Amino acid sequence: MRTRDWDDEEDDAPLGGTRERERALKEVRAVYRQADAAYAPYSCPASGECCQLAITKRQPWLWQPEWELLSRGRPLPPPRPDGGCPYLDATGLRCSVYADRPFGCRTFFCQRIQGPSRQPAETVATLLERLERVSQRVAPSLKAPRPLLDWHAEAWRAATKA
């Protein structure tokens, strides 16, 4: 019998959708748990500076299943006037979706990271390949991840037209 490369742990209530989409979201959560485990020896100052996207000029890039996990089952926040991640809390210091934060948020650290001198680059690359495979199963037309703010802007336009 073939061993799966994702786990069968029960997650919270299903987010809805087709069986394959639910399976994909479950696998994304498993990838996230593995990324968290790979970065467990590291710490960050948790200042929220990396979430100030307009200032850093950097943002996480998400595959479709990551966006679905992030955006389903919760209200879509409005864009922030300061250009920060729309999922920051009102103070602009804490992530309001921390458990479902994207892969790029889990694996990006500023120069103030503390921990072993070498980050787990091989693990990150392997997990990124898994995210791509999951995305290709449910969204084969999407050939690359997209910036978080692009996903959010598209959803915001659709929500405000309704």
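Residues numbered from 1 in each chain as written. Predicted model: local features only at pLDDT ≥ 70, side-chain atom pairs only at ≥ 80, totals over all residues. Heavy atoms only, no water.

A. Representation of the packing of helix α3 (residues 64–71) against helix α6 (residues 148–161). α6 packs onto α3 with a crossing angle of 60 degrees between their chain directions and a minimal axis gap of 11 Å. In this view, α3 runs oblique relative to α6, as classed from their interaxial angle. Judged by the sense of rotation from one axis to the other, the crossing of α3 with α6 is right-handed. Contacts between α3 and α6 involve Q64, W67 and L70 from the former and L148, W151, H152 and A155 from the latter. Within the contact of α3 with α6, the residues separate by chemical class into five nonpolar, two polar and no charged. (Axes fitted to C-alpha atoms, helices over the stretch in contact; angles between N-to-C directions. Helix = DSSP H or I, 4+ residues; strand = E, 2+ residues; numbered from the N terminus. Parallel < 35°, antiparallel > 145°, perpendicular 65-115°, else oblique. Left-handed = near helix turned anticlockwise from the far one by under 90°. Contact = heavy atoms within 4.5 Å. Nonpolar A, V, L, I, M, F, W, Y, C, P; charged D, E, K, R; others polar.)

B. Inspection of the layout of surface pockets at higher detail. Approximately 890 Å³ is the volume attributed to the largest pocket. In this structure, the largest pocket is lined by 37 residues; those nearest its centre are C50, C51, C105, R106 and F108. Looking at the lining of the largest pocket, the elements that each hand over two or more residues are α2 (53–56) and α4 (103–107). When residues of the lining of the largest pocket are assigned to their parent elements, the largest contribution, three residues, is made by α4. A per-class count over the lining of the largest pocket returns 24 nonpolar, six polar and seven charged. (1 Å grid on protein atoms, 1.4 Å probe; cavity = no way out; pocket = protein on both sides within 12 Å on 5 of 7 lines; lining within 4 Å. Points joined across faces, edges and corners; volume = space filled by probe spheres on them.)

C. Representation of the packing of aromatic side chains. Throughout the structure, instances matching the rule amount to two aromatic pairs. Relative to Y42, the ring of Y39 has its centre 5.3 Å away and its plane inclined at 50 degrees; by these criteria the two rings are tilted. Across this residue pair, the class does not change: Y39 and Y42 are buried. Note on W67 and W151: the rings are 6.1 Å apart at their centroids and 10 degrees apart in plane angle, and the pair reads as stacked. Taken together, the residues W67 in helix α3 and W151 in helix α6 connect sequence positions 84 residues apart. The exposure class of W67 is buried, given its relative accessible area of 8%. A residue is classified by how much of its surface remains accessible, and W151, at 6% relative accessible area, is buried. (Phe/Tyr/Trp six-rings, centres within 6.5 Å; stacked < 30°, edge-to-face > 60°. Buried < 20%, exposed > 50% of the residue type's maximum accessible area, 1.4 Å probe, protein only.)

D. Inspection of the pattern of salt bridges at higher detail. Tallying each qualifying case throughout the model produces twelve salt bridges. R72 serves as the salt-bridge partner of E22, at 3.4 Å between the closest nitrogen and oxygen. Taken together, the residues E22 in helix α1 (residues 19–38) and R72 in the loop between α3 and α4 connect sequence positions 50 residues apart. The exposure class of R72 is partly exposed, given its relative accessible area of 22%. We note a salt bridge from R101 to D36, for which the minimum N-O separation is 3.4 Å. Of this pair, R101 sits in the loop between α3 and α4 while D36 is found in helix α1, placing the two residues 65 residues apart along the sequence. On the basis of relative accessible area, R101 is assigned to the buried category, the value being 11%. Classification of D36 by relative accessible area gives partly exposed; the value is 29%. Members of the salt-bridge network, linked through shared partners, are E20, R23, E27, R130 and R137. (Salt bridge = Lys/Arg side-chain N within 4 Å of Asp/Glu carboxyl O.)

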